[in-house]
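Survey of secondary and tertiary structure
Here are the chains, one letter per residue:
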Amino acid sequence: VRLVDKKVYVKGVDKKKGEVKSASSPCITCDVKVSHSVVDKYKVQLIIENNSDGLLEIKFPTSQEYEYKLKGSDGGVYYMYSQGKMFSQQEVVKKLEIGDKLVYDIDLKEVFDKNKLPKGNYTLELYSVGKVGVKDLSGVLTVANIIHD
């Protein structure tokens, strides 16, 4: 498994117009920076950072705080993090002080090995399922290209 040519695609909210927009670099949405980091050839992190000037509350409708999917070059979903899992149905609230981060580690070696996925090119899509106020963070999407060899 190799992560190559990492790219970030973000859909955010234009605060002035209240419209959804797309960008090709990490953006600030609701004073939150959502990005990813490649730790090594098997591990990726989804990072949510408070860039506001005060305390930020991120609310998750269940105990699931993020989702990710592995898609093949044919566009089919080969793995979805939440599939087959059960999450507590109680709302979870995470409070972030100024500059604080939530960091989620994702181990792709385990996903490929456990699911016996075929060799080939995959796309990893990661996103938060949280909200800040009424603004949904699930529109923030990080994509990294993966070669499984």
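Everything discussed here concerns the structure shown above.
Below is a summary of the structure that appears in this document. (Residues numbered from 1 in each chain as written. Predicted model: local features only at pLDDT ≥ 70, side-chain atom pairs only at ≥ 80, totals over all residues. Heavy atoms only, no water.)

Side note on the overall build of the protein chain
Looking only at helices and strands, the protein chain features one helix and 14 strands. Within the protein chain, the fraction of its 149 residues that count as buried is 41%. Sequence-distant contacts, at least 24 apart, represent 65% of the contacts inside the protein chain between residues at least 6 apart. Carbon together with sulfur atoms contributes 47% to the accessible area of the protein chain, which is approximately 8400 Å² in total. (Helix = DSSP H or I, 4+ residues; strand = E, 2+ residues; numbered from the N terminus. Buried < 20%, exposed > 50% of the residue type's maximum accessible area, 1.4 Å probe, protein only. Contact = heavy atoms within 4.5 Å. Areas by Shrake-Rupley, 256 points an atom, 1.4 Å probe, with all protein chains shown as cover.)

Observations concerning the pattern of salt bridges
A full pass over the atoms with the stated rule returns four salt bridges. Among the salt bridges present, the one from Asp113 reaches Lys109, with a minimum N-O distance of 2.9 Å. Of this pair, Asp113 and Lys109 both sit in helix H1 (residues 108–115), four residues apart, roughly one helical turn. A relative accessible area of 45% places Asp113 in the partly exposed class. By relative accessible area, Lys109 is classed as partly exposed at 35%. (Salt bridge = Lys/Arg side-chain N within 4 Å of Asp/Glu carboxyl O.)

Quick word on the layout of surface pockets
Volume-wise, the largest pocket comes out at about 160 Å³. Lining the largest pocket are Tyr68, Tyr79, Tyr81, Lys85, Ile106, Asp107, Glu110, Val111, Lys114 and Asn115. Of the residues forming the lining of the largest pocket, the biggest block, four residues, is contributed by H1. Of the residues that constitute the lining of the largest pocket, the class distribution is five nonpolar, one polar and four charged. (1 Å grid on protein atoms, 1.4 Å probe; cavity = no way out; pocket = protein on both sides within 12 Å on 5 of 7 lines; lining within 4 Å. Points joined across faces, edges and corners; volume = space filled by probe spheres on them. Nonpolar A, V, L, I, M, F, W, Y, C, P; charged D, E, K, R; others polar.)

A few points about the nonpolar core
Counting 28 residues, the largest nonpolar core has Ile58, Tyr68, Leu70 and Leu124 as its most contacted members. Contributing elements (two or more residues each) for this core: strand S4 (32–40), strand S5 (43–50), strand S6 (56–60), strand S7 (66–72), strand S10 (101–107), H1 and strand S11 (120–128). Excluding anything up to four places from it in sequence, Leu70 contacts Gly76, Val77, Tyr78, Tyr79, Val111, Phe112, Leu117, Tyr122, Thr123, Leu124 and Ile146. (Core = buried A, V, L, I, M, F, W, Y, C linked by side-chain atoms within 4.5 Å.)

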